[in-house]
Amino acid sequence: MKNKLFDQSNYLVLGVIFVALVSLSGRVEAQSRANGPSSHPDKESRTAQAMRVDHPPKLDGTLDDPLWQSAKLVSDFRQREPYEGEPPTEKTEVRILYTRNAIYFGVHCYDYEPSRIVATELRRDVSQDLDDHFEILINSNHDRRGAYVFEINPLGTQADGLVVEEQGNTNGGDLDSGWDGVWTSEARVTSGGWTATIEIPFSTLNFTRSKDVVWGLNFKRFIRRKNEEDLWSGYRRTFGITKVSQAGELVGLTDIGSGRLFIVKPYGLATYDKQAGQNPKFPLTGGLDVKYGIRSNLVLNLTGNTDFADTDVDQEQFNLTPFKIFIPEKRQFFLENTGIFNFDLDAQDQLFFSRQIGIDPVTGQQVPINGGVKLTGSLGRLEMGFMDVDTRSSGPNPHSNYAVARLKESLWGGSYIGVMGIDKRSGSVLDNYNQTGGVDTRLVFFRDFVIDVDLAGTRSAGRSGGASEVGASLSYRSNWLDGIVERRKIGRNFNPEVGFVERTDSNETYGDLNFKVRPRLPGLRELQFEGFILHAPDTLNVAQTQEWQATFRAEFNSGAYTDNDVAHVFMQRITTPLNIYKNIFIPNGLYHFARHQLTYGSRQDRRFTYNFFERFGGYYGGTLNEFRVQASYRPTPKFSISASQTWNRFGLPEENFSVDLASMQANYSFSRFLTFSSIVQMDTANTQAVSANFRLRYNYRPDSDLFIVYNVGTQFVSLAAANPQQIRETRFAVKFTYSFFP
């Protein structure tokens, strides 16, 4: 009985807690309904008016068209950073028009020093954090949960994404950036700042209702040289633009045409493909993607003979730990609406991790996908996601089918209760099935306290007992303090093959406190003092992992920062010899060591930016010194170059050796629609150390592209705990896509 993860009393206690939380959630929700959908102690009523016009205004990046002058102004922005709630240092005005088929935004970002406006990025869907930029959030269903976000910089460059349940994206950041909408934008830098004109078709928003229309709406302006963030609504530092429930409202939309989403996107692909030790192949193939709005908040995605030749390559990694490494998803089909499928077990651990589909987790090689279907959206308060993907046999990977279902009932203020089920079927004789199921809830109290609880289990061929996971955490977030306490227990046979779990057979206790202060010192924005402790024996209470860390950070008004680990103390047991490099193994044993870290990043509003990272100290019975330098130079909006070099110096009882990683990226934009990007990487841990990727993209019409890609090395990185030798591939591909809008 001791080998079981939980005995009956554990389940009984967990069940009582879960029932109590659900009961309490019902009471809180009832009170929330009694107070009305917009009640919030910090929420300030913000309403914008859209004006109907018979024909579109000129969309040339200026506001010279008289139609813009007829629209009502939206101008009462407030600072989120650096001085919460204070008036902005620069004025911002927005005008809103609409026709039967689209909505239009005219933006005027005033600036007393227009010569200091930062605008360097011409590539679509690339981060604009180093530029001045403006964002529009539209919650067209007015459910205060999910939204579209459209972003533009002073060059007119576009980026967009989705917000799901006010949650951050598993891949990092606040948005599901894999969503690509069809919209147009132009911008101009003027003597008084910069202006922009934006057209968003109702079909892009999949919006079909035409009467009694009220949208959730918010705006954000970012001024790079001041590191200043101004919002129209929801400007608390703990909110931000992705806090959909804090958005204002847009009224005045009446008698609009049907905007049902329907896109048919075929592709054609010609490839030269040569893997090490194999004859070259010259496949000529094609496929199809379809996106259809079943209703205004329910979207069906279909894909056939799916291809990801145009996906960015992964940054090469060298794994210094005995655990798996987490690599974010980059493939478009899986990124779109991915937030609906989030089932967080821990900071990075996920019950569902789409990179386990179509990529060999050890070699990083692509596994061909026959096709897939995905249905995402909501019905009332019920958020839903269904996915089925079929892959064909390739090398050591047999034919497999993956089915995923996710349901989340929204409660109040970002709270929910949900379930998830995953079924994997494969042609492998030894591992022909894997099933995963889980229940989770997030409950938000008093705006700043969040309780997360999850319970999950798996079924796999040849595994029984200890195949479950349970976790609970209480977190608090405010302007001066972030804190979390967490308990988590993972059985030795817990095996979510379509998920990501760093370690199993673990009984974890974790606590973290981060104190934040903002002293009135010139140039200094915030100081942070953080400490955490992790105690994680195995489920038999045998010591395995223990960490504690003390960190000091400083953030400056210029965007410069420093991040320093005063002490980071480890206790780690190695139970299987760790092959760290070539024929060098770290033997089994219990290791104690301490490490320290120094980090500094330069101010972010310059054409030349840099940062360095130094971590040094003990390492599994020896020493390790890691030193990394990164630098970027953006001389013009058309050209940018960045380089990174990491030196790892090992001093182990077995041998002293070094592993170096380096990369250089260069990008040239002939225009916003024709761009060339390249990355050359080096990893001395591999026999053939250098890899390269070159990509030319021509966006010749909305959502339609021509790609020319040349790749030597690997496209996707292994997730394995060790550092296996990668299979090298030489690939030249020409891919053509064309979107129809029936």
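Parameters at a glance
Residues numbered from 1 in each chain as written. Predicted model: local features only at pLDDT ≥ 70, side-chain atom pairs only at ≥ 80, totals over all residues. Heavy atoms only, no water. Helix = DSSP H or I, 4+ residues; strand = E, 2+ residues; numbered from the N terminus. Rg over C-alpha atoms; globule rule 2.2 N^0.38 Å. Buried < 20%, exposed > 50% of the residue type's maximum accessible area, 1.4 Å probe, protein only. Areas by Shrake-Rupley, 256 points an atom, 1.4 Å probe, with all protein chains shown as cover. Salt bridge = Lys/Arg side-chain N within 4 Å of Asp/Glu carboxyl O. Contact = heavy atoms within 4.5 Å. Polar contact = N/O pair within 3.5 Å; in protein donor to acceptor, adjacent residues only side chain to side chain. Phe/Tyr/Trp six-rings, centres within 6.5 Å; stacked < 30°, edge-to-face > 60°. Lys NZ or Arg CZ within 6 Å of the ring centre and 35° of its normal. Core = buried A, V, L, I, M, F, W, Y, C linked by side-chain atoms within 4.5 Å. pLDDT = per-residue confidence, 0-100. Patch = residues over 30% accessible without salt bridge, like charges linked within 9 Å, V, L, I, M, F, W, Y side chains within 5 Å. Pairing = 2+ DSSP bridges.

1. So, the overall build of the chain
Secondary structure assignment for the chain yields three helices and 40 strands. At 26 Å, the chain has a C-alpha radius of gyration in line with the 27 Å of a compact globule built from 742 residues. Each principal axis of the C-alpha distribution contributes one length, and for the chain these read about 75 × 60 × 55 Å. Put simply, the chain has 742 residues, and 54% of those count as buried. With the model as given, the accessible surface of the chain reaches about 31,500 Å², and the carbon-plus-sulfur share is 57%.

2. With respect to the pattern of salt bridges
If you walk through the whole model with that rule in mind, you get 53 salt bridges. A salt bridge links Arg-188 to Glu-186; its shortest N-O distance comes to 3.8 Å. Classification of Arg-188 as partly exposed rests on a relative accessible area of 37%. Among the ionic pairs, Glu-497 bridges to Lys-424, the shortest N-O distance being 3.1 Å. A residue pair is termed long-range when its members are at least 10 positions apart, and Glu-497 in the loop between strand E25 (481-490) and strand E26 (506-517) and Lys-424 in strand E21 (residues 416-426) qualify at 73 residues. Here Glu-497 and Lys-424 have matching classes, each one buried. Within this structure, Glu-90, Asp-111, Glu-113, Arg-116, Arg-221, Arg-225 and Lys-226 form a network of salt bridges that share partners.

3. A few points about the environment of Asp-390
Residue placement: Asp-390 occurs in strand E19 (residues 382-391). Taking the C-alpha atoms as reference points, Asp-390 and Gly-339, 51 residues apart in sequence, are found 21 Å from one another. Ignoring anything within four residues of it in the chain, the contact list for Asp-390 reads Ile-369, Asn-370, Gly-371, His-399, Ser-400 and Asn-401. Among the polar contacts listed, one links the side chain of Asp-390 to the side chain of His-399, at a separation of 3.2 Å.

4. A look at the side chain of Ser-644
Positionally, Ser-644 belongs in strand E35 (residues 639-651). Those residues in contact with Ser-644 that lie beyond four places of it in its chain are Arg-628, Val-629, Gln-630, Leu-661, Ala-662 and Ser-663.

5. Observations concerning the packing of aromatic side chains
Counted under the stated rule, the structure contains 42 aromatic pairs. Consider the rings of Tyr-272 and Phe-282, whose centres lie 5.3 Å apart with planes at 55°: the pair is tilted. With Tyr-272 in strand E15 (residues 262-275) and Phe-282 in the loop between E15 and strand E16 (284-295), the pair connects residues that are 10 residues apart, well separated along the chain. Judged by relative accessible area, which is 29%, Tyr-272 ranks as partly exposed. Clustering of aromatic rings is evident, with ring pairs tying together Phe-318, Phe-570, Tyr-581, Tyr-591, Phe-593, Tyr-619, Tyr-620, Phe-650 and Phe-657. Of note, Lys-91 hangs over the ring of Tyr-110, and the distance from its end group to the ring centre comes to 4.5 Å.

6. Some points on unusual backbone geometry
Note the cis peptide between Glu-81 and Pro-82, where omega equals 0°. Position of Pro-82 relative to the elements: it lies in the loop between strand E4 (78-81) and strand E5 (92-98). With a phi close to 55°, His-142 is a non-glycine residue in the positive phi region. Tracing the sequence through the fold places His-142 in the loop between strand E7 (133-139) and strand E8 (147-152). In this structure His-142 comes out as partly exposed when scored by relative accessible area, which is 24%. The phi dihedral of Asn-337 falls on the positive side, at around 60°, and the residue is not glycine. By the secondary structure assignment, Asn-337 is in the loop between helix H3 (332-335) and strand E18 (369-379).

7. Digging into the nonpolar core
Judged by nonpolar contacts, the single largest core of 37 residues is most densely connected at Ile-96, Ile-103, Phe-105, Phe-134, Trp-215, Leu-217 and Phe-219. If you list the elements that add at least two residues to this core, you get E5, strand E6 (102-110), E7, E8, strand E11 (193-201), strand E12 (213-223) and strand E14 (248-253). If you look at the next biggest cluster of nonpolar residues, it comprises 23 residues, including Phe-308, Ile-340, Phe-341 and Val-498.

8. Concerning the confidence of the model for the chain
A residue-level look at the chain finds 92% of positions with pLDDT of 70 or above and a mean pLDDT of 88. Low pLDDT, under 50, characterises residues 1-42; the stretch is placed with 45 contacts to residues that sit more than four places away or in other chains. Within the model, the stretch residues 168-173 combines pLDDT values under 50 with 14 contacts to residues more than four positions away or in other chains.

9. Points about the side chain of Gln-528
With respect to the helices and strands, the residue Gln-528 is situated in strand E27 (residues 524-536). Since its relative accessible area comes to 15%, Gln-528 is described here as buried. A distance of 2.8 Å separates the side chain of Gln-528 from the side chain of Glu-526, its partner in a polar contact. When sequence neighbours within four positions are dropped, the list of residues in contact with Gln-528 reads Asn-514, Phe-515, Lys-516, Thr-551, Phe-552 and Arg-553.

10. Quick look at the environment of Asn-514
Mapped onto the secondary structure, Asn-514 falls in strand E26. Along the chain, Asn-514 and Asp-538 lie 24 residues apart, while their C-alpha atoms are 28 Å from each other. A polar atom in the side chain of Asn-514 sits 3.1 Å from the side chain of Gln-528.

11. Looking at a nonpolar patch on the surface
Side chains of Trp-480, Leu-513, Phe-515, Val-517 and Phe-529 sit close together on the surface and give an oily, nonpolar patch of about 470 Å² of accessible area. Following the sequence through the fold, Trp-480 ends up in the loop between strand E24 (468-477) and E25.

12. Topic: the pairing of strand E40 (residues 729-737)
The two faces of E40 differ: Glu-729, Arg-731, Ala-733, Lys-735 and Thr-737 on one face are buried, but Thr-730, Phe-732, Val-734 and Phe-736 on the other face are not. Note that E15 and E40 share nine bridges and pair antiparallel. Within E40, the residue paired with Tyr-267 across the bridge is Thr-737. Sheet topology places strand E39 (residues 704-713) next to E40; eight bridges connect them, and they run antiparallel. Within the sheet, the bridge partner assigned to Tyr-710 lies in E40 and is Phe-732.

13. Focus on the pairing of E18
Two elements, strand E17 (residues 298-306) and E18, share eight bridges in a ladder whose sense is antiparallel. Counted as the bridge partner of Thr-306 is Ile-369 from E18. In this sheet, E19 lies alongside E18 in antiparallel orientation, the contact comprising 10 bridges. Bridging across to E19, Ser-378 finds its partner in Glu-383.

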